Amino acid sequence: MYIVVINCGSSSIKADVLDHYSGKYAGRMSIERIGESNPVMYVDGNQEPLKNAATHEEALEVALPRLLDCLPEDVQVAGVGHRVVHGGSQFQRPVRIDDEVEQAIADLSDLAPLHNPINLAGIRAARRIIPDVCHVAVFDTAFHATLPTRARSYALPQDLSDKLDLRRYGFHGISHAFVAQRAADYLGADLRDLRLITCHLGNGASVCAVEYGRSIETSMGLTPLEGLVMGTRSGDVDPGILIHLLRDGEFDVDSLDDLLNQQSGLAGLSGVTNDMRDIIERAGEGDDRCRLAIQVFSHRLRKYVGAYAAVMGGVDAIVFTAGIGENSALIRHRVAQRLEFLGAHLNEEANRAAELDDESPVARISTATSRTHLLAVETDESYAIAEDVSQLVLEKDRLAGHRPIPVAVSARHVHLRQETVEVLFGEGYQLTPRNDLSQPGQYAAEETVRVIGPNDEFSSVRILGPTRNIDQVEISRTDEFALGIDAPVRGSGDIANTPGIILEGPQGRVELQQGVICAWRHIHMTPDDAKHFGVSDRDVVEVAVSGGDRDLVFGDVLIRVSPDFQLEMHIDTDEGNAANLGADAKGTLISTPGQARLQRRKTTFDPVEAAAE
Ligand code: ADP
């Protein structure tokens, strides 16, 4: 399926036509210096004249038909993807564009005044020029929608933050998500089993903690100015400096904006250029300012890597990508040189030799015995966008048949091992079934336990039987605050790196070392249901629920498939209350992931081969 991907920057446009499955390009066009007196256009690498390019819309009116004309005859465009920088809190996944979505993107321009209006201009022009196919907006912020509240909140007065939407949104999400998946494919692992730190180091730069497939921390914030040292952007500075400069009277808001966005970063530190290649060259010739630029750049990134490893309680792979990350052995070396404490050992030879291209987009630059993998990974945002677009195009057909999904609200409960039951209730004790649950073989027991957290405790928490091979306590977000612990959102059984808690029964106490989770909302289904909905085990989907007086769409719903299951969606009490659900609530699956991401061409890391090195 061929997709046109359009990426409008401040003075440039890139448009690619590529196959969503293989990532192979059928045509590429770019325009530079829009709005200047001498704009230039390249079609498939050849420069062509372009007269009318005062605005992005004007430029696209000429260039897009030209690109379509150059495509081979058998290439039919099935959809158009638009990279949109800011999706605010509203857009947490790609969305089909209609007039309402256009308006919403326009409304978000306050948060991204330099980007969203230009993205919108591209959308409007392309919808006019290619009217008969699905247009999809893919947001740079969307991947970071899963940031937990503690990571996305600034320590400002909450009322102010709420009023002005002041929070960490994060950017480069399309690239972070893409290289995380590519790294997992290369390692032959499921992304949902990995803790990754992805470092996108281009002119803009950001780092992201990808824990089991979700972004849980990232260095860019409300705007793309926070975090790492970038080409011309400062990244983190003491906000007191800004107050100081404004008070001093030398800077007003606009000149401060220009200082931080255009004159700082590598350009500001080096005093000569924002281009890392030139900086490295000059540093080699003895330029002290360029040396400092490299040091500050690498130090800041290493600091973030250490912090994100701490946030995730460990890291399985560190990924370097974009212009600097893919190409600079020197920067990778500097960042990785003191990460041995994380079990990350750089293979100097492999680092120097790493060369990425479409045939080998991943290079492993850690030693064979390195517990944490170090990888250089080629990013391809157009390919990522094309995949997202193809999913929405395919989805329309797949969702044709409707099968309602019963929704059940789970109150807080515990699952126990037989050994734990015996400590709490006495030797040889067996749970007594009280009533059957909907999933075959499962029951609520007569027995309850007291759950004791550092802040508060709950008496009479129901035990669900039969006993299992791990102890697991499932609570809601509200319970979490009451108990005083941080329980991550996890699928059942996935309790590595979760907090523990104290359980008390009539005969004894157990101090669990781990096992407290906030259950990831999920749907149990049979293989037949999965076939009907076009989904697979561990897919993540969106479900609209009704049956209360507050209809709600739940994103991020995990699919669990087994012949032993019965079709039912499980949510916790907070989620049930949010929708005010009654007993006969039903859900409708309204979006499913396409198969493209799961079927991505693999370049798998072979551990046997690695061990032989
Ligand atoms: P953008 O964010 O504009 O897409 P890129 O991902 O193309 O940026 O990255 C641009 C940066 O990558 C520049 O600083 C450039 O100097 C740097 N870069 C590209 N190749 C190399 C290299 N071989 N060594 C060091 N830096 C490089």
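Refer to the structure above for everything that follows.
Keep in mind it's a predicted model, so treat the numbers as computed, not measured.

Looking at this structure, how should I read the sheet that holds strand 9 (residues 195-201)?
Hydrogen bonds along the backbone pair up the strands of a sheet, which may run parallel or antiparallel. One open sheet holds the 6 strands; their spatial order is 11-10-9-12-14-13, and the pairing between them is mixed. Strands with a single pairing partner mark the edges of an open sheet, and in this sheet they are strand 11 (214-218) and strand 13 (362-364). On average, adjacent strands in this sheet sit at an angle of 25 degrees to one another, irrespective of strand direction. Lying on the sheet, helix 11 (residues 288-312) is in contact with strand 9, strand 10 (205-211), strand 11 and strand 12 (317-321); it crosses strand 9 at an angle near 160 degrees.

Please explain the packing of aromatic side chains as it appears in this structure.
Here a ring pair, both rings aromatic, is described through the centre-centre distance and the interplanar angle of the planes. Evaluated as defined, the whole model comprises 4 aromatic pairs. Look at Tyr304 and Tyr308: their rings are 5.6 Å apart centre to centre, the planes differ by 85 degrees, and that puts the pair in the edge-to-face class. Taken together, the residues span about one helical turn, with Tyr304 and Tyr308 both in helix 11 at a distance of 4 residues. By relative accessible area, which is 12% here, Tyr304 ends up buried. Taken together, a centroid distance of 5.1 Å and an interplanar angle of 25 degrees make the contact between Phe425 and Tyr429 stacked. The buried category is assigned to Phe425, whose relative accessible area is 11%. Taking the ring centre of Tyr25 as reference, the NZ or CZ of Arg28 above it sits at 3.7 Å. One Lys or Arg, Arg214, reaches over the ring of Trp520 and ends 4.6 Å from the middle of that ring.

Help me understand empty space enclosed by the protein in this model?
Here the idea is plain: a probe the size of a water molecule rolls over the atoms and shows the empty space left. Counted under the stated rule, the structure contains 2 cavities of 30 Å³ or more. Each pocket or cavity is described by its volume, and for the second largest cavity that value is around 50 Å³. In terms of lining residues, the second largest cavity is bounded by Gly88, Ser89, Phe91, Gln92, Thr141, Ala142, His144, Ala145, Arg167 and Tyr169. Grouping the constituent residues of the lining of the second largest cavity by class yields 4 nonpolar, 5 polar and 1 charged.

Which parts of the structure should I look at to understand the site of the ligand?
In the region of the ligand, 13 residues are neighbours, and Asn203, Asp275, Met276, Arg277 and Gly323 sit closest. A distance of 3.0 Å separates an oxygen atom of the ligand from a polar backbone atom of Asn203. Ile324 is positioned such that a nitrogen or oxygen atom in its backbone is 3.3 Å from an oxygen atom of the ligand. Computed on the free molecule, the ligand has an accessible area of 580 Å², of which 68% lies beneath the protein chains in the complex. Mapped by element, the contributors of at least two residues to the shell around the ligand are helix 10 (276-284) and helix 12 (322-327). Per-element accounting of the shell around the ligand gives the leading share, 4 residues, to helix 12.

In this structure, what is going on with the environment of Ala189? I would like to understand it.
Mapped onto the fold, Ala189 is located in the loop between helix 6 (173-187) and strand 9. Each residue touching Ala189, except ones within four places of it in the same chain, is listed here: Ala184 and Leu194.

Would you explain the side chain of Ser328 in this entry?
Following the sequence through the fold, Ser328 ends up in the loop between helix 12 and helix 13 (329-336). We classify Ser328 as buried; its relative accessible area is 9%. Excluding anything up to four places from it in sequence, Ser328 contacts Ile280 and Gly323.

Looking at this structure, how should I read the packing of helix 1 (residues 56-69) against helix 3 (residues 116-129)?
To describe two helices that pack against each other, one gives the angle between their axes and the distance between the axes. One way to put it is that helix 1 packs onto helix 3 with a least axis distance of 9 Å and a crossing angle of 40 degrees. In terms of their interaxial angle, helix 1 and helix 3 are classed as oblique. Considering only the axes of helix 1 and helix 3, their crossing is right-handed. Contacts from His56, Glu57, Leu60, Glu61, Leu64 and Pro65 of helix 1 reach helix 3 at Ile118, Ala121, Gly122, Arg124, Ala125, Ala126, Arg128 and Ile129.

Could you clarify how one ought to interpret a negative patch on the surface in this entry?
A cluster of like negative charges, contributed by Asp252, Asp254, Asp257 and Asp258, occupies part of the molecular surface. If you trace the backbone, Asp258 turns up in helix 8 (residues 253-262).

Please clarify how the sheet that holds strand 2 (residues 13-19) should be interpreted in this entry.
The 8 strands lie next to each other as 5-4-3-2-1-6-8-7, forming an open sheet whose pairing is mixed. The sheet terminates laterally at strand 5 (46-48) and strand 7 (95-96), the two strands that pair on one side only. Inspection of the sheet shows strand 1 (residues 2-8) paired to strand 6 (residues 77-84) by 5 bridges, in the parallel sense. Within the sheet, the bridge partner assigned to Tyr2 lies in strand 6 and is Val77. Sitting on the sheet, helix 3 touches strand 1, strand 6 and strand 8 (134-139), and the angle it makes with strand 6 is about 165 degrees.

About the cut-offs
- Residues numbered from 1 in each chain as written.
- Predicted model: local features only at pLDDT ≥ 70, side-chain atom pairs only at ≥ 80, totals over all residues.
- Heavy atoms only, no water.
- Pairing = 2+ DSSP bridges.
- Helix = DSSP H or I, 4+ residues; strand = E, 2+ residues; numbered from the N terminus.
- Axes fitted to C-alpha atoms, helices over the stretch in contact; angles between N-to-C directions.
- Contact = heavy atoms within 4.5 Å.
- Phe/Tyr/Trp six-rings, centres within 6.5 Å; stacked < 30°, edge-to-face > 60°.
- Buried < 20%, exposed > 50% of the residue type's maximum accessible area, 1.4 Å probe, protein only.
- Lys NZ or Arg CZ within 6 Å of the ring centre and 35° of its normal.
- 1 Å grid on protein atoms, 1.4 Å probe; cavity = no way out; pocket = protein on both sides within 12 Å on 5 of 7 lines; lining within 4 Å.
- Points joined across faces, edges and corners; volume = space filled by probe spheres on them.
- Nonpolar A, V, L, I, M, F, W, Y, C, P; charged D, E, K, R; others polar.
- Near = heavy atom within 4 Å.
- Polar contact = N/O pair within 3.5 Å; in protein donor to acceptor, adjacent residues only side chain to side chain.
- Areas by Shrake-Rupley, 256 points an atom, 1.4 Å probe, with all protein chains shown as cover.
- Parallel < 35°, antiparallel > 145°, perpendicular 65-115°, else oblique.
- Left-handed = near helix turned anticlockwise from the far one by under 90°.
- Patch = residues over 30% accessible without salt bridge, like charges linked within 9 Å, V, L, I, M, F, W, Y side chains within 5 Å.
- Salt bridge = Lys/Arg side-chain N within 4 Å of Asp/Glu carboxyl O.
- Lys, Arg positive; Asp, Glu negative; His and termini not counted.
- Charge placed at Lys NZ, Arg CZ, Asp CG, Glu CD.

All quantities given are derived from atomic positions and should not be read as evidence of function.
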